[in-house]
Amino acid sequence: MPVNESAAAEAEMMTEAEMTTDGASGAGADAGTGTWEPRIVAFCCNWCSYAGADLAGTSRKQYPANIRIVRVPCSGRINPQYILRAFQRGADGVMVAGCHPGDCHYTTGNYYTRRRFSVVQRFLEYVGLHPDRFSGHWISGSEGEKFVQTAREFTEKVRSLGPNEKMRDVL
Amino acid sequence: MSEAIKTAAPVEGEPMPAELKTAEIPTRRGPAPGDPEFLGALRDCCRSLLAEGHVQRIIAYRETPDSLRPEVAFFASPEETGDLVWDLFCNTNICKYLLDYRTFEGRIGVVVKGCDARGVVQLINDMQIPRDKVEIIGICCPGQIDPAKVESAAGEAWVSRVVAGPDSVEIVTEEGTEMRVPLESVLTDRCLSCRKPNPPVADVVFGEDQKGRISDEVFEQIAELERMSSAERDAFWNRHFERCIRCFACRNVCPACSCTKCVFDQQEPDWLAGERNQANQHFFQITRAVHVSGRCTGCEECDRVCPVGIPLRLMNKKLWKDVKDLFDSPLPGTKLGVRSPLVMWDPKDADSFE
């Protein structure tokens, strides 16, 4: 498990039903205190990107606590509806991370993801979501450093955009 | 389709069932719409198909008291085909009715335009109905007329009937006055930009291949939207999405929406909540569009049936444009045995991951 505590807290495997009802509980938006922090949901594949986050943790590398990891068995498991639901329930940015092409634990899962993601990314941009709020990354289990870098850069990008209101349910 | 996709396809999925590999069936041809013999020949064709037992049902159109709005009808016996009609007001895409016959023991004939025929082919490719269960009676479509445009051209007067010629239409009002307007001025929006008016697959074809109208209007509108800023696009779509009353007409008519259990009807998990707020309106619209991407045949029936006038074509055509640019696949429904590009992959695909 990653050492980063708030990330770890979100990292339990969830059922689809839980995902749809979980909502913004345990939110770190801190709207009341006046210090806004971006909330970022990262869908990480169990075999590479989640292991990458794990490596970052065991190597004692700090990445922003804004990232909440949702562990999925494969990036191919990421239904576009999950991404929409994350934005609905208060995410300011969503990250999709999987094994590098050719490295999928299930051989070809991430090739499907790549096609689907390309289409969904362009479409979300088309309906008015800021392109910087949604990104995809290939992060292997040995790339703890890349996970940290990606998390930092993405958090800063989203921070500069401010809170997301597009598709948001809980304002 | 690129060579790589062809070679990649058999590796990842199950082989297509044998019925989809059947060679193109030689088609018979009949007179074109507009020919005085056309309607008689179409009725004869349907009558003999039923009489000789080639089909047990025919899905087509029937006259109604409103000459601008024929209705969809289901013909079960040869005697009934006397009021079968096909004119330039057969706007409804009837291919989706095929799914009501999933368990029907017998063959079904469908009278289809180019756009409807793509829907039928898409249903076959999505394995919703076997090819040999459908008799495709295709019509090379000269374009369909929008009754609303005719009525607005007639102004205050009630329209009694419309006589369509090759380039213009004659509108006869209840008072007996006649006026002639150019055909293009009353064609439906989708017909004005229709590139494929001929059925790609058919057992019987009426008319010779039509040229279709090459208009880039939709793609120009899409390009204009793409040039806007995120905030402007957000405002544009918000304005449209907030009108959605979620009647699901767009889903119900769509030949690509053929799941027996739709995500929007599920109770557990309840993906789509009832409240009409920005989040749910977006969730419905985006999910619907994404679910049909790569399988949308571009018939624009969803756009036609939307009671609140959401420009669904601007979403579907955008997705189609991206899918075509990214994966170089043919328009869905134009070829038998083609799988959706989103259930295939190629190691050389464009990569927007970082």
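As shown above, the structure is provided for reference.
All figures in this text were calculated on a predicted structure; none of them were measured in a lab. (Residues numbered from 1 in each chain as written. Chains lettered and ligands numbered in written order. Predicted model: local features only at pLDDT ≥ 70, side-chain atom pairs only at ≥ 80, totals over all residues. Heavy atoms only, no water.)

*Asks:* I'm lost on the sheet that holds strand β1 (residues 40-45) of chain A in this one. Help?
*Replies:* Backbone hydrogen bonds are what pair the strands of a sheet, in a parallel or an antiparallel way. Residue and element names in this part refer to chain A. The 4 strands are arranged β2-β1-β3-β4 in an open sheet whose pairing can be described as parallel. A strand with exactly one partner marks an edge of an open sheet, and here the two such strands are β2 (67-72) and β4 (134-138). Recorded for the sheet is a direction-independent mean angle of 20 degrees between the axes of neighbouring strands. Pairing geometry for strand β3 (residues 93-98) and β4, over 5 bridges, is parallel. From the neighbouring strand, Ala97 faces β4, where its bridge partner is His137. Most of the contacts of helix α3 (residues 49-58) go to β1, to which it runs at about 110 degrees, and overall it touches β1, β2 and β3. Lying on the sheet, helix α6 (residues 144-161) is in contact with β1, β2, β3 and β4; it crosses β3 at an angle near 160 degrees. (Pairing = 2+ DSSP bridges. Helix = DSSP H or I, 4+ residues; strand = E, 2+ residues; numbered from the N terminus. Axes fitted to C-alpha atoms, helices over the stretch in contact; angles between N-to-C directions. Contact = heavy atoms within 4.5 Å.)

*Asks:* Please explain the interface of chain A and chain B as it appears in this structure.
*Replies:* By a frequent convention, interface size equals the accessible area lost on bringing the separate parts together. Across the boundary between the two partners, chain A contributes 43 residues, which contact 49 residues of chain B. Here chain A meets chain B over a buried area of about 4100 Å², counting both sides, of which 60% is carbon and sulfur. Of all residues in chain A, Arg115, Phe123 and Tyr126 of chain A bury the most surface against chain B, accounting for 23% of the area lost on that side. Our count for the contact surface shared by chain A and chain B stands at 4 salt bridges. In this structure, Asp349 of chain B engages Arg115 of chain A in a salt bridge whose closest nitrogen and oxygen atoms are separated by 2.8 Å. Viewed at the interface, chain B and chain A are joined by 23 residue pairs in polar contact (both at pLDDT 80 or more). If you list the elements that add at least two residues to the side of chain A that touches chain B, you get α2 (16-21), α4 (80-88), α5 (109-126) and β4 of chain A. A total of 16 residues in the side of chain A that touches chain B trace back to one element, the largest contributor, which is α5 of chain A. Within the side of chain A that touches chain B, the residues separate by chemical class into 19 nonpolar, 12 polar and 12 charged. (Buried area = accessible area lost by both parts, 1.4 Å probe. Salt bridge = Lys/Arg side-chain N within 4 Å of Asp/Glu carboxyl O. Polar contact = N/O pair within 3.5 Å; in protein donor to acceptor, adjacent residues only side chain to side chain. Nonpolar A, V, L, I, M, F, W, Y, C, P; charged D, E, K, R; others polar.)

*Asks:* Sorry if this is basic, but what is going on with the pairing of strand β8 (residues 168-173) of chain B here?
*Replies:* Both faces of the sheet carry side chains from a regular strand, because those side chains alternate between them. Residues and elements named next belong to chain B. For β8, a buried count of 6 out of 6 residues is recorded, marking the element as mostly surrounded by other parts of the structure. Neither face of β8 is left uncovered, since the one carrying Ser168, Glu170 and Val172 and the one carrying Val169, Ile171 and Thr173 both have all their residues buried. With 5 bridges connecting them, strand β7 (residues 159-164) and β8 associate as antiparallel partners. If you follow Val163 over to β8, its bridge partner there is Glu170. Taken together, β7 and the strand that follows it, β8, pair antiparallel across an intervening segment of 3 residues. Sheet topology places β8 next to strand β9 (residues 178-182); 5 bridges connect them, and they run antiparallel. Bridging across to β9, Glu170 finds its partner in Arg180. The antiparallel pairing of β8 with β9 creates a hairpin that spans 4 residues between the two strands, and Gly176 there sits at a positive phi of about 95 degrees. (Buried < 20%, exposed > 50% of the residue type's maximum accessible area, 1.4 Å probe, protein only.)

*Asks:* How should the pattern of salt bridges be read in this particular structure?
*Replies:* Where charged atoms of side chains with opposite charge meet at close range, the side chains can pair. Evaluated as defined, the whole model comprises 32 salt bridges over all chains. Here Asp322 of chain B ties to Arg122 of chain A by a salt bridge, and the two come within 3.5 Å at their closest N and O atoms. Taken together, the positions of Asp322 of chain B in helix α11 (residues 312-327) and Arg122 of chain A in helix α5 put the pair across two chains. Judged by relative accessible area, Arg122 of chain A falls into the partly exposed class, the value being 34%. When the shortest N-O distance is used, the salt bridge between Arg304 of chain B and Glu301 of chain B registers 2.9 Å. Within this pair, Arg304 of chain B and its partner Glu301 of chain B are both found in helix α10 (residues 301-305), separated by 3 residues, close to a single helical turn.

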